[in-house]
Amino acid sequence: MTSPSLTVDMPAGIVRATAGPRHDDAVVFELGGAMRGSVHVTGTTNPHHWDQFTAVRACLGPVNAYQTTAPDEDLPRLTRSRTGYHGSLTLYPDDYTDRPQVSAYPMTSADGHEPPEKTAATLTAVLRACADHVAHREDLPEILTFSRQRDTPQLLRFLTWSAAHHRAEAARYEREAHAARPAQRAAVAAWWTVARWYLASPHPVLLLMLADLPYSVLPDSLARTVDVKQWWAPYCLTAAAREHEHARRAQAEADSLRTQQRSRRPARRPHAPAHGGPHAERRELEMS
């Protein structure tokens, strides 16, 4: 395992971060030097693959900011400042290179303001250093395992909802695409009817109805209605296909998480035959 202490040299000064004992899925760093406070680092899912626990997330404060909120007085701050800051950073492997990728959540002060540029740079560097430290620990697999156990139930609920939501959206777009075809035919027929009226008896009002004017000038012109109906059905079909793909991916990730749950569930050992008559057998069953 690497050293439990690290140093971050920033324009604001040198920040020292010392890792405390691991608590199942998390390591908490105590900050000293140019900053004081804590950084909480835990395992999490890859932002692009929610069924893969291959990333680490560092949060400003001594707790997992995705589960609870740290009290304002416990938020990290520059040594000469009274302003504490919220924020987090996720470090995850890239699909195509060996260099890890970073996804940062916007940082804000306890009262909701953005930090100055130099302060933001210091906070980001400290979070990155702590996350990188944990990503290279020998016990990272254990941290990720505990993180998987912690987050899987909630992720399954979300992914199940997401799959159902996207399927419902796909069905809605398909209904709109189906309804758009007769609406398009009706709009074209109406345009040609007005065109025949105009040819029979030219009038400025009829010409206005036929003209393709900007929506801000005439929202319901027949020409614009025809134009919209022409592309609306293909658009809805494309959107429906996209929603089906989102639903498929959410379902696949949920299925993957359930498979991981089953594969990591410890097998129950068979009980030895009970001895001592029916009462002993009943006690054995109750204990199991």
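Residues numbered from 1 in each chain as written. Predicted model: local features only at pLDDT ≥ 70, side-chain atom pairs only at ≥ 80, totals over all residues. Heavy atoms only, no water.

The subject of this paragraph is the confidence of the model for the protein chain. When pLDDT is averaged across the protein chain, the result is 83; 84% of the residues are at 70 or more. Taking the mean pLDDT of every element in the protein chain, the minimum, 37, falls on helix 5 (residues 277-287) and the maximum, 95, on strand 5 (residues 55-60). Here residues 272-288 is modelled with pLDDT under 50, and outside its nearest four sequence neighbours on either side it reaches 8 contacts, counting other chains as well. (pLDDT = per-residue confidence, 0-100. Helix = DSSP H or I, 4+ residues; strand = E, 2+ residues; numbered from the N terminus. Contact = heavy atoms within 4.5 Å.)

Before going further, it helps to examine helix 1 (residues 117-135). Under the 1.5 Å per step criterion, the end-to-end length of helix 1 is 27 Å for 19 residues, consistent within 8% with the ideal 27 Å. Looking only at helix 1, the buried set comprises Thr 119, Thr 122, Leu 123, Val 126, Leu 127, Ala 129, Cys 130, Ala 131, His 133 and Val 134. (Expected span 1.5 Å × (residues − 1). Buried < 20%, exposed > 50% of the residue type's maximum accessible area, 1.4 Å probe, protein only.)

Moving on, we come to the nonpolar core. Core analysis: the biggest nonpolar cluster contains 30 residues, and Phe 29, Val 39, Val 41 and Val 134 have the highest contact counts within it. Mapped by element, the contributors of at least two residues to this core are strand 1 (5-10), strand 2 (13-19), strand 3 (26-33), strand 4 (35-44), strand 5, strand 7 (85-92), helix 1 and helix 2 (140-200). Those residues in contact with Val 39 that lie beyond four places of it in its chain are Val 27, Val 28, Phe 29, Leu 31, Ala 58, Cys 59, Leu 60, Gly 61, Val 126, Leu 127 and Cys 130. One finds Phe 53, Leu 155, Leu 156 and Leu 257 within the second-largest nonpolar core, a separate group that totals 8 residues. (Core = buried A, V, L, I, M, F, W, Y, C linked by side-chain atoms within 4.5 Å.)

If you walk through the whole model with that rule in mind, you get 6 aromatic pairs. Ring geometry for Trp 232 against Tyr 235: centres 5.3 Å apart, planes inclined by 25°, an arrangement best described as stacked. You can see Trp 232 and its partner Tyr 235 sitting in helix 4 (residues 222-264), 3 residues apart, about one turn around the helix. Note on Trp 232: relative accessible area 24%, which makes it partly exposed. A connected cluster of aromatic rings, assembled from ring pairs, spans Tyr 173, Trp 231, Trp 232 and Tyr 235. Of note, Arg 57 hangs over the ring of Tyr 66, and the distance from its end group to the ring centre comes to 3.9 Å. The ring of Tyr 173 is capped by Arg 172, whose NZ or CZ atom sits 4.6 Å from the centre of that ring. (Phe/Tyr/Trp six-rings, centres within 6.5 Å; stacked < 30°, edge-to-face > 60°. Lys NZ or Arg CZ within 6 Å of the ring centre and 35° of its normal.)

Quick look at a nonpolar patch on the surface now. Side chains of Trp 50, Phe 158 and Trp 161 sit close together on the surface and give an oily, nonpolar patch of about 310 Å² of accessible area. In this fold, Trp 161 is placed in helix 2. (Patch = residues over 30% accessible without salt bridge, like charges linked within 9 Å, V, L, I, M, F, W, Y side chains within 5 Å. Areas by Shrake-Rupley, 256 points an atom, 1.4 Å probe, with all protein chains shown as cover. Salt bridge = Lys/Arg side-chain N within 4 Å of Asp/Glu carboxyl O.)

Under the criterion given, the structure shown has 10 salt bridges. A salt bridge links Arg 22 to Asp 139; the shortest N-O distance between them is 2.8 Å. With a gap of 117 residues between them, Arg 22 in the loop between strand 2 and strand 3 and Asp 139 in the loop between helix 1 and helix 2 connect regions that are remote in the sequence. In this structure Arg 22 comes out as partly exposed when scored by relative accessible area, which is 26%.

Glancing now at the side chain of Thr 152. With respect to the helices and strands, Thr 152 occurs in helix 2. Setting aside anything within four residues of it in sequence, one finds Thr 152 in contact with Phe 53, Leu 257 and Gln 261.

Here we come to the pairing of strand 1. Residue alternation in strand 1 divides its side chains into a buried set, Leu 6, Val 8 and Met 10, and an unburied set, Ser 5, Thr 7 and Asp 9. Taken together, the 6 bridges between strand 1 and strand 2 define a ladder with antiparallel strand orientation. Bridged to Ser 5 within strand 2 is Thr 18. (Pairing = 2+ DSSP bridges.)

Moving on to a negative patch on the surface. A surface patch of like charges, here negative, comprises Asp 72, Glu 73, Asp 74 and Asp 111. Among the structural elements, Asp 111 can be located in the loop between strand 8 (101-109) and helix 1. (Lys, Arg positive; Asp, Glu negative; His and termini not counted. Charge placed at Lys NZ, Arg CZ, Asp CG, Glu CD.)

Of the voids in this model, the largest pocket is the one considered here, and its volume is about 490 Å³. Along its surface, the largest pocket is lined by 18 residues, and Thr 44, Thr 45, Arg 57, Tyr 66 and Leu 155 are the ones closest to its centre. Contributions of two or more residues to the lining of the largest pocket are made by strand 7, strand 8 and helix 2. The element contributing the most residues to the lining of the largest pocket is helix 2, with 4 residues. Its residues assigned to classes, the lining of the largest pocket comprises 8 nonpolar, 8 polar and 2 charged. (1 Å grid on protein atoms, 1.4 Å probe; cavity = no way out; pocket = protein on both sides within 12 Å on 5 of 7 lines; lining within 4 Å. Points joined across faces, edges and corners; volume = space filled by probe spheres on them. Nonpolar A, V, L, I, M, F, W, Y, C, P; charged D, E, K, R; others polar.)

A positive phi is found at Asp 24, a non-glycine position, where the angle reads about 55°. When you line up the elements, Asp 24 lands in the loop between strand 2 and strand 3. Taking relative accessible area as the criterion, Asp 24 reaches 47% and is therefore assigned partly exposed.

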